[in-house]
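Below are the chains, spelled out letter by letter.
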Amino acid sequence: MTRIGFPIGAALAVSVAAAACNAIASASAAETNLFQSTTDVSGAVVKNLQLGVGKSVVVDLPEEASEIYVGDPRIANAIVRSATRIYVSAIANGQTTIFALARGGRKIAILDVSVGRDVGELAKLLNASIPGNDIHVRTVADSIILTGSVASAADAQKALDIASGFVGNGVASATSGADGISTKSISSGGKVINSLTIRGLDQVSLKVTVAEIRREIVKQLGVNISGSGPNGSIKIDNPFAINGVLSATEATYNWAKGSGNLSATLQAFERQGVAHTLAEPTVTAVSGESAKFMAGGTIPILNSVQCNPTCQYGFLQQPYGVTLNFTPVVLSQGRIQLRIATEVTDVDYSTQITYSGISVPGFRTRSNVTTVELPSGGSIATAGLIGTQSQQAINGLPGLMNLPVLGAFFRSRDYQRNETELLIVVTPYVVHAIDPSQVVRPDQNFEDASDPQAWFLGRVNRIYSTNGALQPLPSYAGKIGFITQ
């Protein structure tokens, strides 16, 4: 604690002036964050000063002071220039208070001094690098706190990176707390706390189109021969190696000569199938937040079996359908960074198994995770997949199966071909709220059909009409809206 008292005299004025000149010569003046002055209940002027170590500032007092009091001279020192002007020099990190007292002990000024890193150059650098934003820099010991507002999340991240480079050149590690305030710690001991707020958070609407065509072709042809006679029996069984027997349809030919018999069983099967999947979900989320959409359902599958002594079966609800997860970040006006995770899952009964009389189906899954940058309204086609899988197996009796024409009686052929084509198109939009009157419902102007219309014409709804009129439009021809007949 330091207390300085002085009368107004020539000798003391000369000594104070000399001390002030020495202090100014040893400390470089710098611009600091000097906040607007306030007044306390006693009428004293209160000012908050933020200084870097080794920096000085000149403070003009509102009236002549007779005494200067420094709370902790190890942090900051006050050098008297005149009765109405003092020099405040920062010495070490910390906080202290300086009082200027008039005659009789009345407080005329209170200076709350915070000494930390010199952030004057950092404030200039942030304003030059990120123009149009309101960023304030404060220091607490070795830490820097960024306050104010920026236009986008990208500007906030840029400010955090610049401040981290200003604190030190060490390795930085970023953490995010539960309150959403991100903190970046530097190996040199300093911290940068980013408490910037984003003005007018943008909302991003994501339109996704998932289109898939899957074709399947299966062909089977085989002959099994069996016979018996007085001198022995013969049996030629040619199983299908890929799919097994898919159909019970068969034709049997019997030949008998004397006491023997010979039969040939012909098995033939052919299947062609096409599966079409189309989903167009639209999801909206605030910039920086995650959103999820799922169009599909769940199916119970066998999960566990416990037999003691009777068997109890446990089932698990397995989801299927189209699942979309995305996190948008609006980088600048019209530019969107997008992290997308898309998954398409459907039930595949061709791979199901049967356990204790319970059929457990298989599932076919296609997933894609990517991060892209798009303009608002621009589209990108991702996870385009064209796959072709062909399998063919021939079983038969060695030697005889290779005979021309007749070899077909001693062999079986199993053939399967699968073709898949998947395309995912993603289109993000920066959206804004609209007036409720601009929203059109899908059931607007919809009216149920009358009983005679349902009985004689088979209609389930009337033709669309205008608001307030339950009659069909007189001069209308064609379909409108989402619900049509």
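Residues numbered from 1 in each chain as written. Predicted model: local features only at pLDDT ≥ 70, side-chain atom pairs only at ≥ 80, totals over all residues. Heavy atoms only, no water.

Visitor: Explain the overall build of the protein to me, and be specific about the residues and the numbers.
Guide: Looking only at helices and strands, one finds 4 helices and 27 strands in the protein. With 485 residues in all, the protein has 34% of them scored as buried. When the accessible surface of the protein is summed, it comes to about 28,100 Å², and 53% of that surface belongs to carbon and sulfur atoms. (Helix = DSSP H or I, 4+ residues; strand = E, 2+ residues; numbered from the N terminus. Buried < 20%, exposed > 50% of the residue type's maximum accessible area, 1.4 Å probe, protein only. Areas by Shrake-Rupley, 256 points an atom, 1.4 Å probe, with all protein chains shown as cover.)

Visitor: Any chance you could break down helix α2 (residues 120–129) for me, citing the residues and the numbers?
Guide: For α2, every residue scored as buried is listed here: G120, L122, A123 and L126. The arc enclosing the buried residues of α2, seen along the axis, measures out at 165 degrees, which places them on a common side. Tucked inside the fold, the buried residues of α2 contact β11 (134–140), β12 (143–150) and α3 (153–167). (Arc of directions from axis to C-beta. Contact = heavy atoms within 4.5 Å.)

Visitor: Lay out the confidence of the model for the protein with the relevant residues and their values.
Guide: Residues at a pLDDT of 70 or more form 77% of the protein, whose mean pLDDT is 75. Mean pLDDT per element in the protein: strand β2 (residues 28–29) is the minimum at 36, and strand β8 (residues 85–90) is the maximum at 89. Here residues 5–36 scores under 50 on pLDDT; set against residues more than four positions off or in separate chains, the count is 46 contacts. In this model, residues 169–189 is a region of pLDDT below 50 whose contacts with residues beyond four sequence positions or in other chains number 43 contacts. (pLDDT = per-residue confidence, 0-100.)

Visitor: Just give me the short version of a nonpolar patch on the surface, but keep the residues and values in it.
Guide: A surface patch of nonpolar side chains, about 570 Å² in accessible area, is lined by L221, I234, Y253, W255, L262 and L266. Contributions of two or more residues to the nonpolar patch are made by β19 (251–257) and β20 (260–279). Summarising the element assignment, W255 is placed in strand β19. We classify W255 as partly exposed; its relative accessible area is 47%. (Patch = residues over 30% accessible without salt bridge, like charges linked within 9 Å, V, L, I, M, F, W, Y side chains within 5 Å. Salt bridge = Lys/Arg side-chain N within 4 Å of Asp/Glu carboxyl O.)

Visitor: Residue-level account of the packing of aromatic side chains, with values.
Guide: Enumeration over the complete set of coordinates arrives at 1 aromatic pair. Seen in terms of ring centroids, Y69 and F99 are 5.9 Å apart; in terms of plane orientation they differ by 40 degrees. Their pairing is tilted. Pair noted here: Y69 is in strand β6 (residues 67–70) and F99 is in strand β9 (residues 94–101), with a separation of 30 residues, a long-range link. (Phe/Tyr/Trp six-rings, centres within 6.5 Å; stacked < 30°, edge-to-face > 60°.)

Visitor: Lay out the nonpolar core in plain terms, naming residues and giving numbers.
Guide: The biggest cluster of nonpolar side chains holds 23 residues, and the ones touching the most others in it are I68, I86, V88, I98, L111 and V113. Looking at this core, the elements with two or more residues in it are β4 (45–52), β5 (55–60), β6, β7 (76–82), β8, β9 and β10 (107–116). In terms of residue count, the dominant contributor to this core is β10 (5 residues). Apart from the residues within four sequence positions on either side, I98 is in contact with I68, Y69, V70, A78, V88, A109, I110, L111 and V113. V210, A291, L338 and V426 belong to the second-largest nonpolar core, a separate cluster that totals 21 residues. (Core = buried A, V, L, I, M, F, W, Y, C linked by side-chain atoms within 4.5 Å.)

Visitor: Any details on the state of the cysteines? Residues and values, ideally.
Guide: For the structure shown, the criterion picks out 1 disulfide. Disulfide pairing places C307 opposite C311 at an S-S distance of 1.9 Å. The sign of the S-S torsion, about 105 degrees, decides the handedness of the disulfide formed by C307 and C311: right-handed. Taking the relative accessible area as the measure of exposure, C307 reaches 43% and is therefore partly exposed. (Disulfide = S-S within 2.5 Å.)

Visitor: Residue-level account of α3, with values.
Guide: The end-to-end C-alpha distance of α3, which contains 15 residues, comes to 21 Å, matching closely the 21 Å that a straight helix rising 1.5 Å per residue would cover. Turning to α3, its buried residues are D155, A156, A159, L160, I162, A163, S164 and V167. (Expected span 1.5 Å × (residues − 1).)

Visitor: Can you explain the pattern of salt bridges? Please cite residues and give values.
Guide: Pairing is possible between side chains of opposite charge, provided their charged atoms come close. Summed over all chains, the structure comprises 11 salt bridges. In this structure, the salt-bridge partner of D60 is R85, at a minimum N-O distance of 2.8 Å. Note that D60 is positioned in strand β5 and R85 in strand β8, a separation of 25 residues in sequence. Judged by relative accessible area, D60 falls into the partly exposed class, the value being 43%. You can call R85 partly exposed: its relative accessible area is 35%. It is possible to trace a salt-bridge network through shared partners that takes in E212, R214, D346 and R366.

Visitor: Break down the environment of E373 for me, citing the residues and quoting the values.
Guide: Assignment of secondary structure puts E373 in strand β25 (residues 358–375). Assessed through its relative accessible area of 43%, E373 is described here as partly exposed. In this structure, E373 is in contact with L331, R335, I336 and Q337, ignoring residues within four places of it in sequence. A polar atom in the side chain of E373 sits 3.4 Å from the side chain of R335. (Polar contact = N/O pair within 3.5 Å; in protein donor to acceptor, adjacent residues only side chain to side chain.)

Visitor: Give a description of the packing of α2 against α3 that names residues and reports values.
Guide: At a minimum axis distance of 11 Å, the contact between α2 and α3 shows a crossing angle of 150 degrees. Here α2 lies roughly antiparallel to α3, going by the angle between them. Considering only the axes of α2 and α3, their crossing is right-handed. In this structure, α2 contributes E121, L122, L125, L126 and S129 to the contact, and α3 contributes K158, A159, I162, A163 and F166. Its residues placed into classes, the contact of α2 with α3 shows 7 nonpolar, 1 polar and 2 charged. (Axes fitted to C-alpha atoms, helices over the stretch in contact; angles between N-to-C directions. Parallel < 35°, antiparallel > 145°, perpendicular 65-115°, else oblique. Left-handed = near helix turned anticlockwise from the far one by under 90°. Nonpolar A, V, L, I, M, F, W, Y, C, P; charged D, E, K, R; others polar.)

Visitor: Let's hear about the side chain of S56: which residues, and what values?
Guide: Within the secondary structure layout, S56 lies in strand β5. When its relative accessible area of 10% is taken as the criterion, S56 is described as buried. A distance of 3.1 Å separates the side chain of S56 from the side chain of S89, its partner in a polar contact.

Visitor: With reference to specific residues and values, describe the side chain of D414.
Guide: Inspection of the secondary structure assignment puts D414 in strand β27 (residues 411–431). With residues near it in sequence (within four places) discarded, D414 still touches K219, Q220, F240, A241, I242, N243, G244, Q391, Q392 and A393.

Visitor: I'd love a proper account of the environment of K107, names of residues and values included.
Guide: Checked against the element boundaries, K107 lands in strand β10. Classification of K107 as partly exposed rests on a relative accessible area of 32%. Taking the C-alpha atoms as reference points, K107 and E67, 40 residues apart in sequence, are found 9.6 Å from one another.

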